[in-house]
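The chain contents come next:
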Amino acid sequence: MQKLGLKLKQASAVLQIQPKELQNLVQFGVVKPKWSEGTYLFDTNTLLVAKVAFCLKESLGTRTSVLSKLMDVFLASEREFKSENPKYIVFECRLAAEEDPIKVGVPFRALGAQLQEQMRRADLYRDLPRGRKRRGWKKEFLESLTEVAREIGEVSDDEILRTVRAYRKERRAPEITVVAER
């Protein structure tokens, strides 16, 4: 991965989550980025931990205290399996001594590949100062829109609407499967 030291807004763009969600993960100690000169800086390992944590949070709806413990165990054992680059990482949780453990698999390799693919988004979300816009921002904005339009090519309005509707429909209905393990 190319970028190191992304700020929160850039990291949330790379992770494809809301900045407030990422901020909450940091504030509750689930994700622990480096603190430098009054800002949090996310490196590639921290981004991967945040992606795994958000995946667990979204799929299980776990509390932040449990999520924090899961991420602590994940960080402690990360070095062992990072060199292997496994397809899945399985979290095994036992809520009480007499209960059977709960196993949750996270697609580790797919999340890493997705993160590498999304690293180019960090450049789109440059960290700009709050308040007044800097000189020439409109011209720069229009140039970036023109560049994106050139990359997209000829796209009809109907095609854009179909794509947006398909994306929204996909986000609405989660895909749930149950598999028996021997």
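On a predicted model such as this, the values are computed, not experimentally measured, just so you know. (Residues numbered from 1 in each chain as written. Predicted model: local features only at pLDDT ≥ 70, side-chain atom pairs only at ≥ 80, totals over all residues. Heavy atoms only, no water.)

Colleague: Now, about the packing of helix α1 (residues 8-15) against helix α3 (residues 44-60): what can you tell me, with residues and values included?
Modeller: Between α1 and α3, whose axes approach to 11 Å, the crossing angle comes to 55°. In terms of axis orientation, α1 runs oblique to α3. Of the two possible hands of crossing, α1 and α3 adopt the one that is right-handed. Counting all contacts with α1, which are made through Ala11, Val14 and Leu15, the residues of α3 involved are Leu47, Ala50 and Lys51. (Axes fitted to C-alpha atoms, helices over the stretch in contact; angles between N-to-C directions. Helix = DSSP H or I, 4+ residues; strand = E, 2+ residues; numbered from the N terminus. Parallel < 35°, antiparallel > 145°, perpendicular 65-115°, else oblique. Left-handed = near helix turned anticlockwise from the far one by under 90°. Contact = heavy atoms within 4.5 Å.)

Colleague: Can you break down the packing of aromatic side chains residue by residue, with the values?
Modeller: Aromatic ring pairs are reported here in terms of the distance separating the ring centres and the angle at which the planes meet. One pass over the structure, following the stated rule, counts three aromatic pairs. Aromatic side chains Trp35 and Tyr40 sit 4.7 Å apart centroid to centroid with 65° between the ring planes, which places their arrangement in the edge-to-face category. On the basis of relative accessibility, which here comes to 34%, the residue Tyr40 falls in the partly exposed class. Arranged with centres 6.1 Å apart and planes meeting at 40°, the rings of Phe74 and Phe91 form a pair that is tilted. (Phe/Tyr/Trp six-rings, centres within 6.5 Å; stacked < 30°, edge-to-face > 60°. Buried < 20%, exposed > 50% of the residue type's maximum accessible area, 1.4 Å probe, protein only.)

Colleague: Can you lay out helix α7 (residues 137-152) for me, pointing to particular residues and giving the numbers?
Modeller: With 16 residues, α7 extends 23 Å from end C-alpha to end C-alpha; this agrees with the ideal 22 Å at 1.5 Å per step. Just past α7, the residue Gly153 takes up positive phi, approximately 85°. (Expected span 1.5 Å × (residues − 1).)

Colleague: Could you give me a rundown of the packing of α1 against helix α2 (residues 19-27), with the residues and numbers involved?
Modeller: At their nearest, the axes of α1 and α2 sit 9 Å apart, and the two run at 110° to each other. As judged from the angle between their axes, α1 and α2 are roughly perpendicular. For the pair α1 and α2, the contacting residues are Leu8, Ala11, Ser12 and Leu15 in the first and Pro19, Leu22 and Gln23 in the second. Partitioned by chemical class, the residues of the contact of α1 with α2 number five nonpolar, two polar and no charged. (Nonpolar A, V, L, I, M, F, W, Y, C, P; charged D, E, K, R; others polar.)

Colleague: Explain a nonpolar patch on the surface to me, using residue names and the numbers behind them.
Modeller: Together, Val148, Ile152, Val155, Ile160 and Val164 line one region of the surface with nonpolar side chains, adding up to about 370 Å² of accessible area. Secondary structure elements with two or more residues in the nonpolar patch: α7 and α8 (157-172). Among the secondary structure elements, Val164 is positioned in helix α8. (Patch = residues over 30% accessible without salt bridge, like charges linked within 9 Å, V, L, I, M, F, W, Y side chains within 5 Å. Areas by Shrake-Rupley, 256 points an atom, 1.4 Å probe, with all protein chains shown as cover. Salt bridge = Lys/Arg side-chain N within 4 Å of Asp/Glu carboxyl O.)

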